[in-house]
Amino acid sequence: MRGLSVLRTLASRTARADADVFLDYARRSLSTDAGLKEVLAEKIPEQQERLKALKKAHGGKEVGKITADMVIGGMRGITGLLWETSLLDPEEGIRFRGYSIPECQKLLPAAQQGGEPLPEGLLWLLLTGEVPTEGQVKGLSEELKARAKLPGHVKGVLAALPRDTHPMVQFTVGISSLQPQSAFAKAYSEGISKLKYWEPTLEDSLTLIAQLPELAALIYRTTYKSGELIAADPKLDWAANLAHMMGFNDPDALELMRLYQTIHTDHEGGNVSAHTSHVVASALSDPYLSFAAGMCGLAGPLHGLANQEVLGWLFSVRKQLGTDPSKDEVEKFVWDTLKSGKVVPGYGHAVLRKTDPRYACQREFALKKLPDDPMFKLVSKFFEVVPGVLLQTGKVKNPWPNVDAHSGVLLQYYGITEQNFYTVLFGVSRAIGILSQGVWSRALGLPIERPKSVTMDVLEKKFA
Ligand code: CMX
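Since the structure is predicted, the reported quantities are computational estimates derived from the model, not experimental observations.

**What to know about unusual backbone geometry**
Its identity is not glycine, yet M75 carries a phi of approximately 60°, on the positive side. Mapped onto the elements of the fold, M75 is located in the loop between α4 (68-72) and β1 (86-89).

Right under this line is the structure:
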């Protein structure tokens, strides 16, 4: 694909340069797997110019209208953020730099022929906008391995917390405890020019992404297992090493982890974790601080904690009705949940209006690898029943399942049974999206975020 993008670039240049220059450019580009920083350094000035031109030509034009409902209703439907790495279509779902999940599954390099994509490939795609070559993915994988070792103090920091501290709290504390290594904070205190902010931001982002699997595994092993840690396997890729360090080595479990870590990376900019990180980073808080802030948001039950909630909910169904309840029994259970004033976890979305493609690809995986698993069958039964019930409420805008409705049963199947840990796995993946955008936010010089708020008094007077 690097070859393709080179050819595209060549085609666009034929009109303005002579053949020798092209051939030289083609030779250089096709013979090397250009490194990540090099590719970014080439792209950033183009994108800075693009944004400048966009502002100049269209800066004063309206993007949409804002109603009082939007102001009161969690800013739903307001277009108010620039987020380059991914875009969410209500009907079609997420596209990473223009590529859908099935397209990524086809285009991104995998650990084995026809296997799930390596998240390192998606990291490259999100950062550069280009599908990487196998060599580039391998290079990035090695780069992450070289940065993966956690500083020695982290274990002690986590050990000081009460034993029953939720894994997501341990995760945010662990991330914050990595902050003293921030290259951005150091460079800022030494007076770095704003034109160079993206460089230490990239440095911090790669280090943090590299260290998250070891942090997650440390939390997992100390919270649920004997506390004995498992060393990374230098032969494994980033996601497989996460599973390995947690204590799971079944090749299918490694594939699941690669899929899981790829699909949870990014979901455009307005969701709670992405938006929180974005606003915090806009104050020039470094990637450790801004990502930790985002993870505090991911830990909420209406956002990332929903995967944990789904499992708890399915367990109560199993306890009450067994693993093969009738559709009528399931329907009654869903109504009982709603009548007790709770949400049905894993269903609904603020933007999506169709089944989440992240749910669909996990279902595909389950149909291939665990079609007869009773918990998978239970999830499938809910898929048949829940949307109809939610539609009957007349108020739920999206009755279809989201990513969190499915992930837990897959993890359970491979032995990762501790559902309180699931959001940590989500968080490890989310770093790839949030931090990639963070690099671009600094490269594009996006300003401090500061929307206007109003009181009820202001709205009442305005419309009186
Ligand atoms: N179960 C019950 N009620 C639901 C519902 C669900 N799954 N989804 C929406 N509703 C309700 C809302 O609570 C709201 O009710 P009120 O008017 O009484 O407050 C009404 O339907 C309208 O809400 P909406 O516009 O359809 O949805 P929102 O954009 O406000 O909320 C979300 C989106 C995800 C928070 C909501 O659908 C929900 O609570 N789902 C369950 C939790 C969940 O799965 N979260 C994970 C989302 C994916 C992720 O971020 O990881």
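Once you've had a look at it, read on.
**Considerations on the confidence of the model for the protein chain**
Of all residues in the protein chain, 93% have pLDDT values of 70 or greater, and the mean over the chain is 93. Segment residues 1-32: pLDDT under 50, and 23 contacts once partners within four positions in sequence are set aside and those in other chains are kept.

**Points about the site of the ligand**
Residues in close proximity to the ligand total 20 residues, the closest being H303, G346, K395, K397 and D404. Within the backbone of Y347, one N or O atom sits 2.8 Å away from a nitrogen atom of the ligand. One of the side-chain N or O atoms of D404 is found 2.7 Å from an oxygen atom in the ligand. In isolation the ligand has 880 Å² of accessible area, and contact with the protein removes 75% of it.

**Observations concerning the UniProt feature "active site" (unreviewed entry) in the protein chain**
Feature annotation in UniProt places "active site" (unreviewed entry) on H303, H349 and D404, given in this structure's numbering. Of the residues just listed, which span 102 residues, no C-alpha pair is farther apart than 10.8 Å, and they cluster in one region. The topology assignment puts H303 in the loop between α15 (287-298) and α16 (306-321). Given a relative accessible area of 15%, H303 falls into the buried group.

**Points about the environment of E255**
Within the fold, E255 resides in helix α13 (residues 251-263). Note: C-alpha distance between E255 and A240 (15 residues apart in sequence) is 7.4 Å. A distance of 2.7 Å separates polar atoms of two side chains, one belonging to E255 and the other to R258.

**Considering a nonpolar patch on the surface**
Where nonpolar side chains cluster on the molecular surface, the patch consists of I66, V71, I72, V454 and V458 and spans about 450 Å² of accessible area. Assignment of secondary structure puts I72 in helix α4. Residue I72 is classed as exposed on the basis of its relative accessible area of 64%.

**Looking at the packing of helix α20 (residues 404-413) against helix α21 (residues 422-443)**
The angle between the axes and the distance between the axes are what describe a pair of packed helices. Two numbers describe how α20 lies on α21: the axes approach to 11 Å, and their chain directions differ by 110°. It follows that α20 is roughly perpendicular to α21 by the angle criterion. For the pair α20 and α21, the crossing hand works out as right-handed. Contacts between α20 and α21 involve D404, G408, L411 and Q412 from the former and Y422, L425 and F426 from the latter.

Conventions used here
Residues numbered from 1 in each chain as written. Predicted model: local features only at pLDDT ≥ 70, side-chain atom pairs only at ≥ 80, totals over all residues. Heavy atoms only, no water. Helix = DSSP H or I, 4+ residues; strand = E, 2+ residues; numbered from the N terminus. pLDDT = per-residue confidence, 0-100. Contact = heavy atoms within 4.5 Å. Near = heavy atom within 4 Å. Polar contact = N/O pair within 3.5 Å; in protein donor to acceptor, adjacent residues only side chain to side chain. Areas by Shrake-Rupley, 256 points an atom, 1.4 Å probe, with all protein chains shown as cover. UniProt positions renumbered as here; feature names shortened; annotations may be inferred. Buried < 20%, exposed > 50% of the residue type's maximum accessible area, 1.4 Å probe, protein only. Patch = residues over 30% accessible without salt bridge, like charges linked within 9 Å, V, L, I, M, F, W, Y side chains within 5 Å. Salt bridge = Lys/Arg side-chain N within 4 Å of Asp/Glu carboxyl O. Axes fitted to C-alpha atoms, helices over the stretch in contact; angles between N-to-C directions. Parallel < 35°, antiparallel > 145°, perpendicular 65-115°, else oblique. Left-handed = near helix turned anticlockwise from the far one by under 90°.

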